[in-house]
Amino acid sequence: MIAIKDLHKRFGKNQVLKGIDLDIGKGGIFAVLGPNGSGKTTLIKCILGMVIPNSGDILVDNSAVRNNWKYRRQIDYLPQIANFPGNLTVAELIRMIKNLRGQQGNDAPLVEAFHLEPFLDKRLGNLSGGTKQKVNLVLAFMFNSPLIILDEPTAGLDPVAMLYLKELIHKEREKGKTILITSHIMGFVEEVAEEIVFLLEGRVYFKGNIAALMEKTQQNDFQHAIATLLKENNA
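Residues numbered from 1 in each chain as written. Predicted model: local features only at pLDDT ≥ 70, side-chain atom pairs only at ≥ 80, totals over all residues. Heavy atoms only, no water.

Attention shifts here to the sheet that holds strand S10 (residues 203-208). Strands sit in the order S6-S7-S8-S3-S9-S10 across an open sheet of six strands; the sheet is mixed. The open sheet terminates on both sides in strands that have one partner only, identified here as strand S6 (75-78) and S10. The sheet shows a mean angle of 15 degrees between the axes of neighbouring strands, taken without regard to direction. As defined by bridge partners, strand S7 (residues 147-151) adjoins strand S8 (residues 178-182) across five bridges and the pair is classed as parallel. Bridge pairing in S8 links isoleucine 149 to leucine 180. (Pairing = 2+ DSSP bridges. Helix = DSSP H or I, 4+ residues; strand = E, 2+ residues; numbered from the N terminus. Axes fitted to C-alpha atoms, helices over the stretch in contact; angles between N-to-C directions.)

Structure below.
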């Protein structure tokens, strides 16, 4: 689904991505992990076309993304921070996103599942952070794109919403979709991810399933395995 070849990106003198080579297969749940400053957000934004790399290639479904905006129609994206217009209501925002996409999204079951009916006529500027995140999730899942990118999807969610999010991710996976997740919540990652991509200092340090990660680090649980990778980097 995604092929990345020798990707480099710098901001001024700061070299953020240092020759990323990465293949993400079609169908599956992939977690992109790493400490702050490892290049996760820059990599995601390069895939989305929000950041232009200095060199290297990105292909989505065998199509090069450079100078090709149409591939973005295949992606549903949940940003880490969604800056919604505060004067719009939830219902108005959903209608606006549908109009921009030119598609009829399947938002009704998501609104019901996240218990957003009482908030549809509320202005976004008056909502709590957790409620805004639920709206954000509705926007990310209401279309039927083959690639879903979720940047810190659990932020501000209550336990009930968190459970539904996990179910929703697995349901989309069963449809053959590719789901890319970044998260600092290791318990969530361990429950949903099928493969781990671990970045350190702008390079892919590890790619594989959780069992392979624990074997590599000689740890018996996921969180200690991740901690071991970080300690290796600090050493």
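There's plenty left to go through after this.
This part is about the sheet that holds strand S5 (residues 63-64). Sheet architecture is open: four strands sit in the order S2-S1-S4-S5, paired in antiparallel fashion. In the strand order of this sheet, the two ends are held by strand S2 (14-24) and S5, each with one partner. By the bridge criterion, eight bridges tie strand S1 (residues 2-11) to S2 in an arrangement that is antiparallel. If you follow isoleucine 4 over to S2, its bridge partner there is leucine 22. Contacts between helix H1 (residues 40-48) and the sheet are confined to S1, S2 and strand S4 (55-60), with S1 contributing the most and set at about 120 degrees to the helix. (Contact = heavy atoms within 4.5 Å.)

Even without a glycine there, the phi angle at aspartate 6 is positive, about 50 degrees. By the element assignment, aspartate 6 lies in strand S1. Relative accessible area serves as the criterion here: at 43%, aspartate 6 is assigned to the partly exposed category. The backbone phi angle of asparagine 62 is positive, close to 70 degrees, even though this residue is not glycine. Structurally, asparagine 62 is set in the loop between S4 and S5. Look at asparagine 62 and you get exposed, because its relative accessible area is 71%. (Buried < 20%, exposed > 50% of the residue type's maximum accessible area, 1.4 Å probe, protein only.)

This paragraph deals with the nonpolar core. One finds Phe141, Leu150 and Ile169 to be the most contacted residues of the largest nonpolar core, which totals 34 residues. For leucine 150, the residues in contact, after removing those within four places along its chain, are Leu78, Ala140, Phe141, Ile169, Ile179, Leu180, Ile181 and Thr182. Core analysis: the second largest hydrophobic core is formed by 27 residues, Leu7, Leu43, Val51 and Leu180 among them. (Core = buried A, V, L, I, M, F, W, Y, C linked by side-chain atoms within 4.5 Å.)

A separate point is helix H5 (residues 159-174). For an α-helix, the turn length of 3.6 residues means that residues three or four places apart are oriented alike. With 16 residues, H5 should cover 22 Å at 1.5 Å per step; its first-to-last C-alpha distance of 23 Å lies within 8% of that length. Of all the positions in H5, only Ala161, Met162, Tyr164, Leu165, Lys166, Leu168, Ile169 and Glu172 are classed as buried. Capping of H5 at its N-terminal end is provided by aspartate 158; its side-chain oxygen lies 3.1 Å from the backbone amide nitrogen of valine 160. Two residues or fewer after H5 comes glycine 176, characterised by a positive phi angle close to 90 degrees. (Expected span 1.5 Å × (residues − 1). Polar contact = N/O pair within 3.5 Å; in protein donor to acceptor, adjacent residues only side chain to side chain.)

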